[in-house]
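# Coordinate analysis (summary)
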Amino acid sequence: MTPTERTGDRRVALCLRETLPEPAARQRDRLTDRLRELEAAGRVDSFDVTTCPKRIRREDPEAVAARDRYLAFSRWARDRGVRLRPFFATRECYAADTGELCDWLVFPAITLAVYDEGDLAAVYPHADGDDYRSVADGLSALAGDAPDSVEDRDRSLVAPAD
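What you see is a predicted model, and the numbers here were worked out from it, not measured in a lab.

## Here's the deal with unusual backbone geometry
Residue Arg85 is joined to Pro86 through a cis peptide bond whose omega torsion reads 10 degrees. With respect to the secondary-structure elements, Pro86 resides in the loop between helix H2 (64–80) and strand S4 (89–94). Tyr124 connects to Pro125 through a cis peptide bond whose omega is 5 degrees. With respect to the helices and strands, Pro125 occurs in the loop between strand S7 (119–124) and strand S8 (126–128). One non-glycine residue with positive phi stands out, namely Glu117, at about 50 degrees. Tracing the backbone through its elements, the reader meets Glu117 in the loop between strand S6 (110–116) and S7. Of the residues examined, Glu117 reaches a relative accessible area of 43% and is grouped as partly exposed.

Shown next, in the form of structure tokens:
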């Protein structure tokens, strides 16, 4: 089986910051159109577009979904020996409402997550050594346009692009 072949359901989640400058908003529309094309071509079974905050307090009890998504992405990166930094970050900042110094999780403007049979298979953007894999690289991998594929360490799911 080639790295872009699959045996089950492939779902893609496009996560966007709640507020985006106009150029990023236009990029969002292009990415959504590209996902529609991939769905029509049968490369993905479904996709959803969601929003996430620019940053959250690490211990905020109301930000459970965003924190859980970040933790799942972090586990995925650790398991594959890649990094989410500099795209995702943890920063120490003062909270405007309390004045206390606390840890914040900072999200990139646009994130693409690929799930095969319910399992997280890929996250874009990420760094692999000195190579960076963008959201556009992830879409190319889904389309089968990646010139050089890398097999997932557990299963052949998604081929990151160069």
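Okay, back to it.
## Structural notes on the sheet that holds strand S3 (residues 55–57)
Reading across from one edge, S3-S5-S4 is the order of the three strands in this open sheet, with antiparallel pairing throughout. Edge strands, defined here as strands with exactly one partner in the open sheet, are S3 and S4. Taken pair by pair, the neighbouring strands of this sheet meet at an average axis angle of 35 degrees, ignoring direction. Note: S4 against strand S5 (residues 101–106), six bridges, orientation antiparallel. Bridging across to S5, Ala89 finds its partner in Val106.

## Comments concerning the nonpolar core
By size, the foremost hydrophobic cluster in this structure holds 39 residues, and its most contacted members are Val12, Leu35, Phe73, Phe107, Leu112 and Leu142. Secondary structure elements with two or more residues in this core: strand S1 (10–17), helix H1 (22–40), strand S2 (46–52), H2, S6, S7 and helix H3 (135–143). With residues up to four places along the chain from it excluded, the contact list for Val12 reads Leu35, Val44, Ser46, Phe47, Asp48, Leu112, Ala113, Val114 and Leu142.

## Some thoughts on H1
Counted at 1.5 Å a residue, the expected span for H1 with its 19 residues is 27 Å, and the 27 Å between its end C-alpha atoms agrees. Buried within H1 we find Ala24, Ala25, Leu31, Thr32, Leu35 and Leu38. Viewed end-on, H1 has its buried residues packed into an arc of 130 degrees, placing them on one side of the element. More than 90 degrees from the buried face of H1, the exposed residues found are Glu22, Pro23 and Ala40. Contact partners of the buried residues in H1: S1, S2, S6 and H3. Immediately downstream of H1, the backbone of Gly42 shows phi near 80 degrees, a positive value.

## Some points on the state of the cysteines
Here the structure, examined in full by the defined rule, presents zero disulfides. Here Cys52 stays free of any disulfide, with the sulfur of Cys15 as its closest cysteine sulfur at 5.9 Å. Judged by relative accessible area, Cys52 falls into the buried class, the value being 2%.

## A closer look at the pairing of S7
Regular strands place their side chains on alternate faces of the sheet. Most of S7 is tucked away: five of the six residues are buried. Here S6 runs beside S7; their pairing, made up of five bridges, is antiparallel. When the bridges of S7 are listed, Asp116 appears paired with Asp119. Between S6 and S7, which pair antiparallel and follow one another directly, the connecting turn spans two residues, one of which, Glu117, has a positive phi of 50 degrees.

Calculation notes
Residues numbered from 1 in each chain as written. Predicted model: local features only at pLDDT ≥ 70, side-chain atom pairs only at ≥ 80, totals over all residues. Heavy atoms only, no water. Helix = DSSP H or I, 4+ residues; strand = E, 2+ residues; numbered from the N terminus. Buried < 20%, exposed > 50% of the residue type's maximum accessible area, 1.4 Å probe, protein only. Pairing = 2+ DSSP bridges. Axes fitted to C-alpha atoms, helices over the stretch in contact; angles between N-to-C directions. Core = buried A, V, L, I, M, F, W, Y, C linked by side-chain atoms within 4.5 Å. Contact = heavy atoms within 4.5 Å. Expected span 1.5 Å × (residues − 1). Arc of directions from axis to C-beta. Disulfide = S-S within 2.5 Å.

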